[in-house]
Amino acid sequence: MRLCVIVGLLLGLVGLASADEADQHYHRGLQFKQQGRIDDAIHEFEAAVGLRPDFGAAEFSLGVLYKSKNLLEAAVDHLERAAQLTPASGEAHTSLGLTYYKLGRLDEALKTLERACALSPKDIAAHQALGVIYRQRKDYPKALQHLEKAVELAPTDAAALSNLGVAYRHAGRLEDAEKLLRQAITLQPDLADTHFNLGTVYRRERKSQEAIAEYQKAVTLQPSLAPAYYDLGLLLAEQKRNAEAVAALEKYLGLIAGSNAKEAESVQRRIKELGGSDPVQR
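Not measured: the values here are computed from a predicted model.

**Student:** Looking at this structure, how should I read the overall build of the chain?
**Tutor:** Per the secondary structure count, the chain includes 15 helices and 0 strands. Relative to its length of 282 residues, the chain is extended, with a C-alpha radius of gyration of 26 Å against a globular reference of 19 Å. For the chain, the spread of C-alpha atoms along the principal axes amounts to about 100 × 45 × 30 Å. The buried share of the chain, reckoned over its 282 residues, is 43%.

Spelled out as structure tokens, the structure:
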């Protein structure tokens with residue numbers, strides 16, 4: 001009997017020592033993370049969970065760091081464990097949901113992000129991501145519900161304003177979309193996608209000159225933004241500015257080269273109609 005008691009005490013002491021050592025690794029990992037030493041931080045967090053498999057905070061930190069390195073499958077593994085070990089953590093569910101989204105696992109992303117919003121109703125990132133997913137699925141009422149909430153929580157967040165503006169555009173509320181996108185640009189004028197989206201709104205409102213100006217700003221900020229060159233080329237063609245239209249469409253062709261043969265053939269025909277040469281024959 002006494003032997004069993006002694007063994008139990010010894011095992012308890014070993015467990016306490018392991019937990020203490022795991023905490024030391026965890027805190028070193030936090031220090032390395034703060035210093036930008038990501039690989040060293042990962043090493044320490046891995047050591048922490050090796051000693052204490054139920055260490056939810058360390059699992060979460062590993063998931064966040066692997067996500068920052070774009071190692072998304074590894075990130076999901078650790079974030080799933082973090083969410084299981086800390087089921088009341090909205091932050092863990094948000095990070096997991098965002099990683100599911102990046103992997104294209106949209107059903108899991110929706111379920112996890114809805115849980116994140118239930119746990120943390122003021123989580124702006126969760127509301128924004130849910131709004132974007134619902135917009136992509138054309139469920140505009142739910143998209144607007146979450147994106148409007150994000151703007152309510154962060155009225156000066158350019159990304160939140162821009163996402164809501166895009167959702168308004170898809171829902172046919174062009175005046176609201178224009179207002180939100182212009183606000184976003186005022187707050188952060190270097191967002192190429194926002195200029196492109198505002199250009200698209202202007203185009204649908206038949207404000208051609210304003211649309212052209214926004215598309216031109218978009219491609220200046222992000223020269224690889226192929227859709228902006230395409231829409232710009234079409235608008236310039238409508239304005240009989242053929243040489244400029246050809247230049248924009250040729251830039252678009254160069255950016256999509258090898259990705260869509262049918263689309264490329266269609267654009268080549270349009271270029272020839274506008275007086276440009278056939279790129280294939282050059």
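Read on for the rest.
**Student:** It is not clear to me how unusual backbone geometry should be interpreted in this structure. Could you clarify?
**Tutor:** At K138, a residue that is not glycine, the phi angle is positive and equals roughly 65°. Inspection of the secondary structure puts K138 in the loop between α7 (124-136) and α8 (140-153). Take K138: its relative accessible area is 62%, and that puts it in the exposed class. Positioned with a positive phi, K240 is a non-glycine residue whose angle comes to about 65°.

**Student:** Any chance you could explain the pattern of salt bridges here in plain terms?
**Tutor:** Any two side chains of opposite charge can pair, so long as their charged atoms come close to each other. The full count for this structure, using the stated rule, is 18 salt bridges. Between K69 and D39 there is a salt bridge, with the nearest N and O atoms lying 3.0 Å from each other. In this pair, K69 sits in the loop between α3 (56-68) and α4 (72-85) while D39 sits in helix α2 (residues 38-51), placing the two residues 30 residues apart along the sequence. Take K69: its relative accessible area is 37%, and that puts it in the partly exposed class. Notably, a salt bridge pairs K149 with E152, separated by 3.3 Å at the nearest N-O pair. Taken together, the residues span about one helical turn, with K149 and E152 both in helix α8 at a distance of 3 residues.

**Student:** Can you walk me through the nonpolar core in this structure?
**Tutor:** Here is a general trend for soluble globular proteins: nonpolar side chains tend to be buried in one another's company. Of all hydrophobic cores here, the largest spans 45 residues; its most connected members are L164, Y215 and A228. Elements that contribute at least two residues to this core include exactly α8, α9 (158-170), α10 (174-187), α11 (192-204), α12 (208-221), α13 (226-238), α14 (242-256) and α15 (261-273). With 19 residues, the next largest nonpolar core counts F60, L79, A126 and I133 among its residues.

**Student:** Sorry, what's going on with the environment of T200 here?
**Tutor:** Looking at where T200 falls in the secondary structure, it is placed in helix α11. Here the alpha-carbon distance between T200 and A126, two residues 74 residues apart in the chain, equals 26 Å. What T200 contacts, discounting residues up to four positions off in sequence, is R169, Y215 and D231. A polar contact of 3.4 Å, which involves the side chain of T200, links it to the side chain of Y215.

**Student:** Sorry, what's going on with the environment of H43 here?
**Tutor:** Along the chain, the position of H43 falls in helix α2. In this structure the C-alpha to C-alpha distance between H43 and K111, which are 68 residues apart in sequence, comes to 31 Å.

**Student:** For this particular structure, what's the right way to read the environment of D107?
**Tutor:** Checked against the element boundaries, D107 lands in helix α6 (residues 106-119). Judged by relative accessible area, which is 57%, D107 ranks as exposed. With 88 residues separating them in the primary sequence, D107 and A19 have C-alpha atoms 37 Å apart.

**Student:** Hey, could you run me through the packing of α11 against α12 in this one?
**Tutor:** The axes of two packed helices give the description: the angle between them and the distance between them. Axis separation between α11 and α12 bottoms out at 8 Å; the angle between their running directions is 160°. Regarding the angle of α11 to α12, the classification is roughly antiparallel. For the pair α11 and α12, the sense of crossing is left-handed. Residues A192, H195, F196, L198, G199, T200, Y202 and R203 of α11 form the contact with α12, whose own contacting residues are E210, A211, E214, Y215, K217, A218 and L221. Grouping the amino acids of the contact of α11 with α12 by side-chain chemistry returns 8 nonpolar, 3 polar and 4 charged.

**Student:** Please clarify how the packing of α9 against α11 should be interpreted in this entry.
**Tutor:** Running from N to C, α9 and α11 cross one another at 25°; their axes reach a closest spacing of 10 Å. By the angle between their axes, α9 is roughly parallel relative to α11. The hand of the α9/α11 crossing is left-handed. Contact residues: S162, V166 and R169 in α9; T194, N197, T200, V201 and R204 in α11. Broken down by class, the residue content of the contact of α9 with α11 amounts to 2 nonpolar, 4 polar and 2 charged.

Conventions we followed
- Residues numbered from 1 in each chain as written.
- Predicted model: local features only at pLDDT ≥ 70, side-chain atom pairs only at ≥ 80, totals over all residues.
- Heavy atoms only, no water.
- Helix = DSSP H or I, 4+ residues; strand = E, 2+ residues; numbered from the N terminus.
- Rg over C-alpha atoms; globule rule 2.2 N^0.38 Å.
- Buried < 20%, exposed > 50% of the residue type's maximum accessible area, 1.4 Å probe, protein only.
- Salt bridge = Lys/Arg side-chain N within 4 Å of Asp/Glu carboxyl O.
- Core = buried A, V, L, I, M, F, W, Y, C linked by side-chain atoms within 4.5 Å.
- Contact = heavy atoms within 4.5 Å.
- Polar contact = N/O pair within 3.5 Å; in protein donor to acceptor, adjacent residues only side chain to side chain.
- Axes fitted to C-alpha atoms, helices over the stretch in contact; angles between N-to-C directions.
- Parallel < 35°, antiparallel > 145°, perpendicular 65-115°, else oblique.
- Left-handed = near helix turned anticlockwise from the far one by under 90°.
- Nonpolar A, V, L, I, M, F, W, Y, C, P; charged D, E, K, R; others polar.

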